[in-house]
Amino acid sequence: MGKGFFISKTLTIAGVIVGAGAVATIIALSVVYSQEKAKNQEVKPTNGGTSPPTTTQVTPWDPWDHYRLPDSLSPVSYNITLWPRLEASRSTGLYIFTGRSAVVFECKKPTDLILIHSNKLNLTLINGHHARLTGLDGATPPNIKDSWLQPVTQFLVIQLDGRLQAGNRYELYSDFTGELADDLGGFYRSEYFVGEIKKVVATTQMQPTHARKAFPCFDEPAMKAVFHMTLLHPHGTVALANASVNVTVDGQDVTQTSFQATPIMSTYLLAFVVSEFDFISTADIRIWARKQAIEEGQGDYALEKTGPILEFFEKYYTTDYPLNKSDQIALPDFSAGAMENWGLITYRETALLFNNASSSNADKEWIATVISHELAHMWFGNLVTMRWWNDLWLNEGFATYVSYLGANSAEPTWNYTDLIVMKEVYKVMSVDALASSHPLSTKEQDIMQPAQISELFDSITYSKGAAILRMLSEFLTEPVFARGLSTYLNTFKYGNTVYQDLWNHLQTAANLAPDLELPASIEVIMNRWILQMGFPLVSIDTTNGHITQNHFLLDPESVVDRPSEFQYEWIVPIKWIKSGTEQTPFWLKSKTDTHPPLKMIGSDWVLANTKVSGFFRVNYDTANWERLLTQLSTNHEVIPVINRAQIVDDAFNLARAKTVSTKLALRTTLYLQKEREYMPWEMADRNLGYFFLMFDRSEVYGPMRAYLRKQVMPLFNHFQAITANWTKIPDNHLDQYTQVRAISLACSSGVPVCEALMTSWFQAWMKTPEKNPIHPNLRQTVYCGALAAGGVEEWNFAWKMYKEAPIASEAEKLMYGLTCTREPWLIQRYLTYCLDPEKIRKQDATFTMVYIAGNVVGQSLVWDFVRANWNYIYNDYGSGSFSFGRLIEGITRRFSSEFELKQLQQFIKENSDQGLGSASQAVEQALERTKANIKWVAENKADVFQWFTDNSKLI
């Protein structure tokens, strides 16, 4: 960490930024902000470019009506001074910040127009204009003819009376005031309490298009520049930014902290924080959080693992960490899980803070994974950055994939890399099997508006991106993949790229690997996976070795109206085993082929896609399915554990697609009475969970619940025995998960001893609130079960404990548990809390509503609530919020009736004028899912009822 130095002077810095007109500016801000907000609400976001256009786009005539910056100007450096006020204005009640910015830019093409992003900033007029232009190095600037703010495209427009000349450099200076709002975007405020005293943190979230809310800037990823930051802040607070502190000056009114120049970087990676936080450190790594959290050691685990993960990535990339310090800070209010700001990574508290007494093994795993994800970005994304947001998948998909490698290096006993199959691959397949899905990569011109960009932050980008890069690494081998990455990073460091640049470097590495044989170039293979949506269903006929591929759709009757130049065919790498023995991998290069070794005789069976290394599902002829089921029932451990999970998940999804019978899918769960591993149980729980969503309001529910109770009892008894009647916790990481799953399924399926156990644990806690007897691993499950069985007394106790929780991860478990009540009036109360930031933080509001929707009692209540309050939610929580898509998906996942479909269609119609922002695509997917659910229930209800009735009987 670079060392700064401290100077103590009698200095008044209060007048540095705000002059005589400051008071008027502050008062005017509330008026201007409300006007700009009203204007922005009039904009009708389009469909996001992620589904086929239905109307002809009209090209804007004026440059400032386009959403993209012209290529005539390029920023070189910024000199920015910001002063956040951590107390509300007495006259307006607003929290504000004031600032000044001087951006040096180079003219690339002669122009008489300057476009620079500015959003929700009140710019001080200088000689009647919104900025001042000067020439550098002898350049003579033209005069400003006119200037104005263009709120729709978020530009400050400056018209000149002459042309800027190519090759010359100029400086644009501006003074401004903005609101330090609680909207979780740009330069915003976060709040927490120490006792009864409210503390305010000024912090940032710039990705994807919020830097323009903090200062006027060229706010696109390719517009990289050097940033010189200065922050003015109250005495007793500390200021942080991307770079190390250069000098701190203690003035009479405020403290001024200046920072060293950053490396050349994108605006979306900027970060600065003013707080009263404390830190722990080792070498150049610091973990920042609330003072109480640091005192209690909640940052210790993050500090312990950051160094080893950084060392892993330095070796993996064969490139040194690019900066001289690594700050990581846990914020009470934060919209995403974390943000990879270069040198100053911001986190939700749940993603960075750990307490041995109250945090679970899942909390620890989440922290290790998120830290690994963000540190991976320090090279891939920050040092080398995508040129435009259409290639966001490469940035986030890569970080998601290697986060499993980094976390596994820090916790080698977890066997963590296998979990990517459940957490990413199968999770995203359910979305990518919809006709309303979208390709990983799209054309630049299809992604323009901020809402369209925000819509890209979805599971396709993160999880499918990770899955196909993992597949690429598997067939190249990890050493070849890593060598290509290394040359890619070194060639393009501090620059911007497109995905083809990575393909080229991986191809070069592949060409140097003598034993590696590919059926085509990497670009030819991979373009089929990133430029068309979906994935293949590979069907194998073991009677003749015939193999085919088809675009897999959950609803085979859905219409795919997005054309593909590849006709929805893929070049598929296939690894397989024969009766438990690995075989030579091969490639499926066309729609149909014959691979003679796949032809089986006798009792031999085929299982393809071993370790689920490829992004596809597999179907077999009926005889091979029967042989696999026989193997599961006789000796399931012959089949690798990942592939036991695969058999379950593939079968259930093929059944939903009418490729195999629903009875066959259900039969894959019969062997579970013998299963003790986590992954097969997790996949069975997820897939049976779909049945519960479809049937928990029907007569199917009783026998379905009885069948699950029958299947889980041996697992429940197993863990009761090995944990000495629940007094111990298993040593193995995944066994701890399986224990939680055993209790969860046993209690939800009505095992009496389990229900009594949860209630007794919770009652014991109510008697001694200061000492929670429930192990952290089990708390979320126990809280939910106990509150479902209890009433208002239990609910009020849990709410009190939620508000007093000493660590965010414990608060999150209680937040979830509170949604499990069966009392409609308590659910309604909780819903009203969701829109009161004093009770439920804005960052948690949509999560809470989604959790409530998972409760069969709460689902209709939350749907009514969201529809009734949509205008407020949309406008106050931001039409570009990352969580909007999650909200729609979570609320509608149980929809399976014509009535619910009509309600959804009416909701879309009622909001057509305003638009749905970043939820647009989620709504289209909800429509498709609902229609598919209606058909599936109609076609399968009778058979499912009979099957569960027949198989739930105790022998």
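Computed from a prediction, not measured in an experiment: that's the story for all the values here.

A. Spotlight on the state of the cysteines. Tallied over the full model, the rule gives two disulfides. Sulfur-sulfur distance for the disulfide between Cys784 and Cys820 comes to 2.0 Å. Classification of the bridge connecting Cys784 and Cys820 rests on its S-S torsion, roughly -100 degrees, and on that basis the disulfide is left-handed. On the criterion of sequence distance, the pair formed by Cys784 in helix H19 (residues 776-789) and Cys820 in the loop between helix H21 (808-817) and helix H22 (824-834) is long-range, its members being 36 residues apart. Judged on exposure class, the residue Cys784 and its partner Cys820 are both buried. Each disulfide in the protein chain links cysteines that, numbered along the sequence, combine into the pattern 1-2, 3-4. No disulfide involves Cys107; its sulfur sits 19 Å from that of Cys217, the nearest cysteine. Its relative accessible area of 1% is what places Cys107 among the buried residues.

B. Here's a closer look at the packing of aromatic side chains. Counting across every chain of the model gives 67 aromatic pairs. Here Tyr316 and Tyr317 contribute two aromatic rings whose centre-to-centre distance is 5.7 Å and whose plane-to-plane angle is 70 degrees, an arrangement assigned as edge-to-face. Of the two residues, Tyr316 and Tyr317, both sit in the buried class. Ring plane angle 80 degrees and centroid distance 6.2 Å describe the contact between Trp799 and Tyr830, whose orientation is recorded as edge-to-face. With a gap of 31 residues between them, Trp799 in helix H20 (residues 792-804) and Tyr830 in helix H22 connect regions that are remote in the sequence. No difference in accessibility class separates Trp799 from Tyr830, as the two residues are buried.

C. Looking closely at the pattern of salt bridges. Applying the stated criterion to the full structure yields 44 salt bridges. Between Glu557 and Lys658 there is a salt bridge, with its nearest N and O atoms 3.1 Å apart. Of the two residues, Glu557 is situated in the loop between strand S25 (546-551) and strand S26 (572-574) and Lys658 in the loop between helix H13 (641-656) and helix H14 (662-667); the sequence distance between them amounts to 101 residues. With its nearest N and O atoms 3.8 Å apart, the salt bridge here joins Glu755 to Arg705. Of the two residues, Glu755 is situated in helix H18 (residues 752-767) and Arg705 in helix H16 (residues 701-722); the sequence distance between them amounts to 50 residues.

D. Expanded view of the environment of Tyr568. With respect to the secondary-structure elements, Tyr568 resides in the loop between S25 and S26. For the pair Tyr568 and Trp148, spaced 420 residues apart in sequence, the C-alpha separation works out to 48 Å. Setting aside residues no more than four positions away along its own chain, Tyr568 makes contact with Gln532, Met533, Gln549, His551, Val560, Arg562 and Pro563.

E. Structural context of the sheet that holds strand S32 (residues 617-620). If you trace the four strands from one edge of the open sheet to the other, you get S30-S25-S24-S32, paired in mixed fashion. Each edge of the sheet is formed by a strand with only one pairing partner; in this case those strands are strand S30 (592-594) and S32. Direction aside, neighbouring strands of the sheet carry axes that sit 20 degrees apart on average. Relative to the sheet, H13 contacts strand S24 (536-541) and S32, its axis offset from that of S32 by approximately 80 degrees.

F. Just the environment of Asp112, in detail. For Asp112, the location among the structural elements is in strand S4 (residues 111-117). Taking C-alpha positions, Asp112 is 6.2 Å from Gln159, a pair spaced 47 residues apart along the chain. When near neighbours in sequence (up to four residues on either side) are disregarded, Asp112 contacts Ile158, Gln159, Leu160, Gly162 and Arg163.

G. Expanded view of unusual backbone geometry. Note the cis peptide between Gln207 and Pro208, where omega equals 0 degrees. Within the secondary structure, Pro208 is located in the loop between strand S11 (197-205) and strand S12 (226-233). With a phi angle near 70 degrees, Asn609 is a residue other than glycine that sits in the positive phi range. Secondary-structure assignment places Asn609 in the loop between strand S31 (606-608) and S32.

H. The arrangement of the packing of helix H6 (residues 420-432) against helix H15 (residues 678-695) in detail. Viewed as axis vectors pointing N to C, H6 and H15 meet at an angle of 30 degrees, and their least axial separation amounts to 11 Å. Regarding the angle of H6 to H15, the classification is roughly parallel. Seen along the crossing, H6 lies across H15 with a hand that is right-handed. Of the residues in H15, those touching H6 at Val421, Met422, Lys423, Tyr426 and Lys427 are Tyr678, Met679, Glu682, Met683 and Arg686.

I. Structural view of the environment of Val226. If you trace the backbone, Val226 turns up in strand S12. Every residue in contact with Val226, bar those within four places of it in the chain, is listed here: Val76, Ser77, Tyr78, Ala261, Thr262, Pro263 and Ile264.

J. The arrangement of the sheet that holds strand S27 (residues 576-578) in detail. Ordered in space as S28-S27-S31, the three strands form an open sheet in which the pairing is antiparallel. Two strands lie at the open edges of the sheet, namely strand S28 (581-582) and S31, each paired on one side alone. The pairing of S27 with S31 spans three bridges and is antiparallel. Bridging across to S31, Lys578 finds its partner in Val606.

K. Seen up close, the UniProt feature "domain: Peptidase M1 membrane alanine aminopeptidase" (unreviewed entry) in the protein chain. Summarizing the sequence annotation, UniProt attributes the feature "domain: Peptidase M1 membrane alanine aminopeptidase" (unreviewed entry) to residues 301-529 in the numbering used throughout. The span residues 301-529 is 55% helix and 8% strand, and its two end C-alpha atoms sit 38 Å from each other.

L. Expanded view of the packing of helix H23 (residues 842-853) against helix H24 (residues 859-868). Interhelical geometry of H23 versus H24 gives an angle of 140 degrees and a closest axis separation of 7 Å. By the criterion of interaxial angle, the relationship of H23 to H24 is oblique. Residues Met849, Ile852 and Ala853 of H23 form the contact with H24, whose participating residues are Gln859, Val862, Phe865 and Val866. When its residues are assigned to classes, the contact of H23 with H24 shows six nonpolar, one polar and no charged.

M. Structural detail: the side chain of Ser174. Inspection of the secondary structure assignment puts Ser174 in strand S9 (residues 169-179). With sequence-adjacent residues up to four places away left out, Ser174 is seen in contact with Gly99, Arg100, Ser101, Leu123, His130, Ala131 and Pro216.

Reading the values: the criteria
- Residues numbered from 1 in each chain as written.
- Predicted model: local features only at pLDDT ≥ 70, side-chain atom pairs only at ≥ 80, totals over all residues.
- Heavy atoms only, no water.
- Disulfide = S-S within 2.5 Å.
- Helix = DSSP H or I, 4+ residues; strand = E, 2+ residues; numbered from the N terminus.
- Buried < 20%, exposed > 50% of the residue type's maximum accessible area, 1.4 Å probe, protein only.
- Phe/Tyr/Trp six-rings, centres within 6.5 Å; stacked < 30°, edge-to-face > 60°.
- Salt bridge = Lys/Arg side-chain N within 4 Å of Asp/Glu carboxyl O.
- Contact = heavy atoms within 4.5 Å.
- Pairing = 2+ DSSP bridges.
- Axes fitted to C-alpha atoms, helices over the stretch in contact; angles between N-to-C directions.
- Parallel < 35°, antiparallel > 145°, perpendicular 65-115°, else oblique.
- Left-handed = near helix turned anticlockwise from the far one by under 90°.
- UniProt positions renumbered as here; feature names shortened; annotations may be inferred.
- Nonpolar A, V, L, I, M, F, W, Y, C, P; charged D, E, K, R; others polar.

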